[in-house]
Amino acid sequence: QVQLVESGGGLVQPGGSLRLSCTASGSIFSINVMAWYRQAPGKQRELVARIMRGGSTNIAASVKGRFTISRDNAKNTVYLQMNSLKPEDTAVYYCNANGLDSGSHAFSAWGQGTQVTVSS
């Protein structure tokens, strides 16, 4: 079983910055894709950014130029650096990881979510 633990959310003023972290643990053989999603009240969950094991990334148009995703494969950790935050970035942010467990079975795991609130 694979578990994801997120940290780094909180309350920030518009224009501020936050850095989210997510670490995977458990019976992991390899992690292919790590990603951040978000869900605002009354809206569907949406992809914010994802990063492949080799480092290639996809960033949502709404956050491109403001958010950066990175990962540390040795630590099974993914980061989301969020700059120039806007009120519309307010949401619960979820970490997702896809890979193979120690039994060579594919897994897709989700974190519990961390609240990000952008408000003055």
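Residues numbered from 1 in each chain as written. Predicted model: local features only at pLDDT ≥ 70, side-chain atom pairs only at ≥ 80, totals over all residues. Heavy atoms only, no water.

J.: Even after reading the chapter, I still don't get the overall build of the chain, so can you show me in this structure?
T.: When you go through the chain residue by residue, the secondary structure sums to 0 helices and 11 strands. Starting at the N terminus and walking to the C terminus, you meet the elements of the chain as β-β-β-β-β-β-β-β-β-β-β. Relative to the globule expectation of 14 Å for 120 residues, the C-alpha radius of gyration of the chain, 14 Å, shows essentially globular dimensions. In the chain, which comprises 120 residues, the share counted as buried stands at 41%. (Helix = DSSP H or I, 4+ residues; strand = E, 2+ residues; numbered from the N terminus. Rg over C-alpha atoms; globule rule 2.2 N^0.38 Å. Buried < 20%, exposed > 50% of the residue type's maximum accessible area, 1.4 Å probe, protein only.)

J.: Explanation requested: the nonpolar core in the structure shown.
T.: In summary, soluble globular proteins display a tendency toward joint burial of nonpolar side chains. Residues Trp36, Val48, Phe67, Val78, Leu80, Met82 and Tyr93 are the most contacted members of the largest nonpolar core, which totals 31 residues. Setting aside residues no more than four positions away along its own chain, Phe67 makes contact with Arg38, Val48, Ile59, Leu80, Gln81, Met82, Asn83, Leu85, Asp89 and Tyr93. (Core = buried A, V, L, I, M, F, W, Y, C linked by side-chain atoms within 4.5 Å. Contact = heavy atoms within 4.5 Å.)

J.: Explain the sheet that holds strand S3 (residues 18-26) here, please?
T.: Strand pairing within a sheet occurs via backbone hydrogen bonds; the two strands may be parallel or antiparallel. In spatial order, the strands read S1-S3-S8-S7; together these 4 strands make up an open sheet with antiparallel pairing. Every other strand in the sheet has two partners, leaving strand S1 (2-7) and strand S7 (67-72) as the edge strands with one partner each. Across the sheet, the axes of successive neighbouring strands diverge by a mean angle of 15°, strand direction being ignored. Here S1 pairs with S3 via 6 bridges, running antiparallel. Among the inter-strand pairings, Val2 is bridged to a residue of S3, identified as Gly26. (Pairing = 2+ DSSP bridges. Axes fitted to C-alpha atoms, helices over the stretch in contact; angles between N-to-C directions.)

J.: Hey, could you run me through the state of the cysteines in this one?
T.: What makes a disulfide is a covalent bond joining the sulfur atoms belonging to two cysteines. Evaluated as defined, the whole model comprises 1 disulfide. Covalently, Cys22 is tied to Cys95 through a disulfide, its sulfur atoms 2.1 Å apart. Because the sign of the S-S torsion sets the handedness, a value of about -80° for the bond joining Cys22 and Cys95 places this disulfide among the left-handed ones. Here the residue Cys22 occupies a position in strand S3, and Cys95 occupies one in strand S9 (residues 91-101), the gap between them amounting to 73 residues. Here the two residues Cys22 and Cys95 agree in accessibility, since each one is buried. (Disulfide = S-S within 2.5 Å.)

J.: Before we go on, may I ask you to explain the packing of aromatic side chains in this structure?
T.: Geometry of an aromatic ring pair is reported as the spacing of the ring centres plus the angle between the planes. The final tally for this structure, using the stated rule, is 1 aromatic pair. Lying over the aromatic face of Tyr79, Arg19 brings its terminal NZ or CZ to 4.1 Å of the ring centre. Seen from the ring of Trp110, Arg45 lies directly overhead, with NZ or CZ sitting 4.8 Å from the centre. (Phe/Tyr/Trp six-rings, centres within 6.5 Å; stacked < 30°, edge-to-face > 60°. Lys NZ or Arg CZ within 6 Å of the ring centre and 35° of its normal.)

J.: Explanation requested: unusual backbone geometry in the structure shown.
T.: Across residues other than glycine, the phi torsion is negative in most instances, and most of the peptide bonds are trans. Backbone geometry places Asn76, a non-glycine residue, at a positive phi of 50°. Note that Asn76 resides in the loop between S7 and strand S8 (77-82). Given a relative accessible area of 22%, Asn76 falls into the partly exposed group.

J.: Can you help me understand the side chain of Thr77 in this one?
T.: Mapped onto the secondary structure, Thr77 falls in strand S8. Polar side-chain contacts of Thr77 include one of 2.9 Å to the side chain of Thr23. Here Lys75 takes part through its backbone oxygen, which lies 2.9 Å from a polar atom of the side chain of Thr77. (Polar contact = N/O pair within 3.5 Å; in protein donor to acceptor, adjacent residues only side chain to side chain.)

J.: Hey, could you run me through the side chain of Ser21 in this one?
T.: Locating Ser21 in the fold gives a position in strand S3. When residues no more than four places from it in sequence are discounted, the contact partners of Ser21 are Val5, Glu6, Ser7, Trp36, Val78 and Tyr79.

Note that every value here comes from positions in space, so none of it alone points to a role or purpose.
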